[in-house]
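Structure assessment
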Amino acid sequence: MKIYISMDIEGVAGVSSAFQGQRGNPDYELARRLMTAEANAAAAGAFRGGATAVTVADSHGSMQNLVLEDIDPRVRVVSGSRRPVSMVAGLDRSHDGLVLIGYHAAAGRRGVLAHTISSAAFRHIDINGMTTGEPTLFAGHAAELGVPLLAASGDDCLATEIEAQFPGAARIVTKSTISAEAVDSMAPAAARALIEEQVRSAVERAGDCPVTPPCRPPHVVTVEFLRQTYADAAALLPWIERRDVLSVTFTVGSFGDAASILSALSIMAAAPTQ
């Protein structure tokens, strides 16, 4: 049994500020260790649940955050950015389940550090009229491959989105939202124990988990940017249609294609202007 674990940082227990996810400060060094520990807890749960192979994908920011020296030696690690299908690079039909750890709510929704792909580029994204977060894209891609989302951890607002879009997945709530950068969090050790136990249970039941994408193709993707200049740049692409000052739309055949295009648009938005 092969299990794929995708790790983000904003939904990790104890993390509440964007500062904690940014390199170059002591708070980041602590947060990346908390992220690493939750990755190990999820991997331990997966192995206890019957997994024979586990991949952990470092999927925050530069995608080089995990303290590799401390990672469970039984797992393989995907790291580094600019990779195909971004947060689930290497996931394929041979996997028996996907687990999302340390995830967060979608851009335009309430939640701790809520965003989709880039908090600096996108105000809101929807696909076929459905508010789209990172689980929508990446667990949607997995579902299109026939791989079920087994479990997702993060705050209570994330859990609400997971329940609506992937009702068969376990929702592991390690903290509650107070505001965009304030939380009521479990102690990290208690959160890790909960993650391990919930992932173990979810992996044990992997064969019974439904594989249903949150919507069917074609996928009409509507993107609202934070700045007009980002929409100006996106609209230069011939297959992207301008909707208004901040918004564009395009149509794709899969969640994987949507995720890749959105990742490229976020890179464009981050490029320095001349």
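So, here is what we can say about the structure in this document. Numbering of residues starts from 1 in every chain and runs along the sequence as written. In keeping with the predicted nature of the model, local features appear solely for residues at pLDDT of at least 70, side-chain atom pairs appear and are counted solely at 80 or more, and the whole-chain, interface and lining totals rest on all residues. Only hydrogens and water are set aside; all other atoms, that is, all heavy atoms of the structure, feed into the side-chain values.

1. Digging into the sheet that holds strand β10 (residues 219-225)
Quick reminder of the rule: Strand pairing requires that DSSP identify at least two bridges connecting the strands. Counting from the N terminus, the helices are the DSSP runs of H or I reaching at least four residues and the strands are the DSSP runs of E reaching at least two.
Spatial ordering of the open sheet is given by β6-β5-β10-β12-β11, a layout of five strands whose pairing is antiparallel. Strands with a single pairing partner mark the edges of an open sheet, and in this sheet they are β6 (130-131) and β11 (241-242). Sheet topology places β10 next to strand β12 (residues 247-252); six bridges connect them, and they run antiparallel. From the neighbouring strand, Thr222 faces β12, where its bridge partner is Thr249.

2. Regarding the side chain of Thr249
Under the convention used in this document: Relative accessibility decides the category of a residue: with a 1.4 Å probe and only protein chains considered, values under 20% of the type maximum give buried, values over 50% give exposed, and everything between is partly exposed. By the criterion applied in these results, polar contacts are pairs of N or O atoms within 3.5 Å in which, for protein atoms, one can donate a hydrogen and the other can accept it, and in which residues neighboring in sequence qualify only through two side-chain atoms. By definition, residues are in contact when any of their heavy atoms lie within 4.5 Å.
For Thr249, the position within the fold is in strand β12. Note on Thr249: relative accessible area 12%, which makes it buried. A distance of 3.0 Å separates the side chain of Thr249 from the backbone oxygen of Val221, its partner in a polar contact. Beyond its immediate chain neighbours, meaning those up to four positions away, Thr249 contacts Val220, Val221, Thr222, Trp239, Ile240, Glu241 and Arg243.

3. Side note on helix α1 (residues 26-48)
As a reminder, the rule being used: Expected helix span is given by 1.5 Å per residue-to-residue step, counting one fewer step than there are residues.
With 23 residues, α1 should cover 33 Å at 1.5 Å per step; its first-to-last C-alpha distance of 34 Å lies within 8% of that length. For α1, the N-terminal capping position is held by Asn25, with its side-chain oxygen 3.0 Å away from the main-chain nitrogen of Asp27.

4. Considering unusual backbone geometry
Both trends apply: most residues other than glycine have a negative phi, and most peptide bonds are in trans. Cis geometry is adopted by the peptide bond preceding Pro218, which originates at Pro217 and carries an omega value of 5 degrees. As for its position among the elements, Pro218 is in the loop between α4 (188-204) and β10. Phi is positive for Val85, close to 55 degrees, though the residue is something other than glycine. Mapped onto the secondary structure, Val85 falls in the loop between β3 (76-78) and β4 (97-101).

5. Let's talk about the packing of helix α2 (residues 134-145) against helix α6 (residues 255-270)
Rules: Under this scheme, a helix contributes an axis fitted over its contacting stretch, all axes are lines through C-alpha atoms, and angles between N-to-C directions fall in the 0 to 180 degree range. With the far helix as reference, a near helix turned anticlockwise by less than a right angle produces a left-handed crossing, and one turned clockwise produces a right-handed crossing. Asp, Glu, Lys and Arg are counted as charged, while Ala, Val, Leu, Ile, Met, Phe, Trp, Tyr, Cys and Pro are counted as nonpolar; the rest, among them Gly, fall into the polar class.
Close contact between α2 and α6 brings their axes to 8 Å; oriented N to C, the two are set at 145 degrees. When the axes of α2 and α6 are compared, the crossing they make is left-handed. Two secondary-structure elements touch here, α2 through Thr136, Leu137, Phe138, Gly140, His141 and Glu144 and α6 through Phe255, Gly256, Ala258, Ala259 and Leu262. Tallied by class, the residues present in the contact of α2 with α6 amount to six nonpolar, four polar and one charged.

6. Let's talk about the packing of α1 against α4
Basically, it comes down to this: Each angle receives one of four descriptions, namely roughly parallel if under 35 degrees, roughly antiparallel if over 145, roughly perpendicular if within 65 to 115, and oblique otherwise.
It is at 7 Å that the axes of α1 and α4 come closest, and there the two elements cross at 30 degrees. Classified by the angle their axes make, α1 and α4 are roughly parallel. Helix-helix and strand crossings are classified by hand; for α1 and α4 the assignment is right-handed. Every residue of α4 that contacts α1 at Leu34, Ala37, Glu38, Ala41, Ala42, Ala44, Gly45, Ala46 and Arg48 is listed here: Pro188, Ala191, Arg192, Ile195, Glu196, Glu197, Val199, Arg200, Val203 and Glu204. Within the contact of α1 with α4, the residues separate by chemical class into eleven nonpolar, one polar and seven charged.

7. What about the sheet that holds strand β7 (residues 149-155)?
The strand order β3-β2-β1-β4-β7-β8-β9 describes an open sheet built from seven strands, whose pairing is mixed. The sheet is open, and its two edges are formed by β3 and β9 (182-185), each paired on a single side. This sheet shows a mean twist of 25 degrees between the axes of neighbouring strands, independent of strand direction. Of the strand pairs in this sheet, strand β1 (residues 2-7) and β4 are connected by five bridges, and their pairing is parallel. Bridged to Ile5 within β4 is Val99. Against the sheet, α4 touches β1, β4, β7 and β8 (170-179), its axis set at about 145 degrees to β8.

8. Re the nonpolar core
Our working rule: Put simply, a nonpolar core is a bunch of buried Ala, Val, Leu, Ile, Met, Phe, Trp, Tyr and Cys residues held in one set by side-chain atoms that sit within 4.5 Å of each other.
Among the nonpolar cores identified, the biggest contains 45 residues, and Leu98, Val221, Val223, Phe225, Phe250, Leu262 and Leu265 are the most heavily contacted of them. With seven residues, α6 is the single largest residue contributor to this core. If sequence neighbours within four positions are ignored, Leu265 has contacts with Phe122, Phe225, Ala234, Leu237, Ile240 and Phe250. Listed in part, the 35 residues of the second largest apolar core include Ile3, Ala43, Ala51 and Ala170.

9. Remarks on the packing of aromatic side chains
What counts, and what does not: Note on ring pairs: Phe, Tyr and Trp rings are taken, using the six-membered ring of Trp, and paired if centres are within 6.5 Å. Classes follow the plane angle, with under 30 degrees stacked, over 60 edge-to-face and the rest tilted.
What the rule picks out here adds up to three aromatic pairs. Relative to Tyr230, the ring of Phe225 has its centre 6.3 Å away and its plane inclined at 70 degrees; by these criteria the two rings are edge-to-face. Residues Phe225 and Tyr230 agree in their burial class; the two are buried. Each residue in the set Phe122, Phe225 and Tyr230 is aromatic and connected to the rest through ring pairs, giving one cluster.

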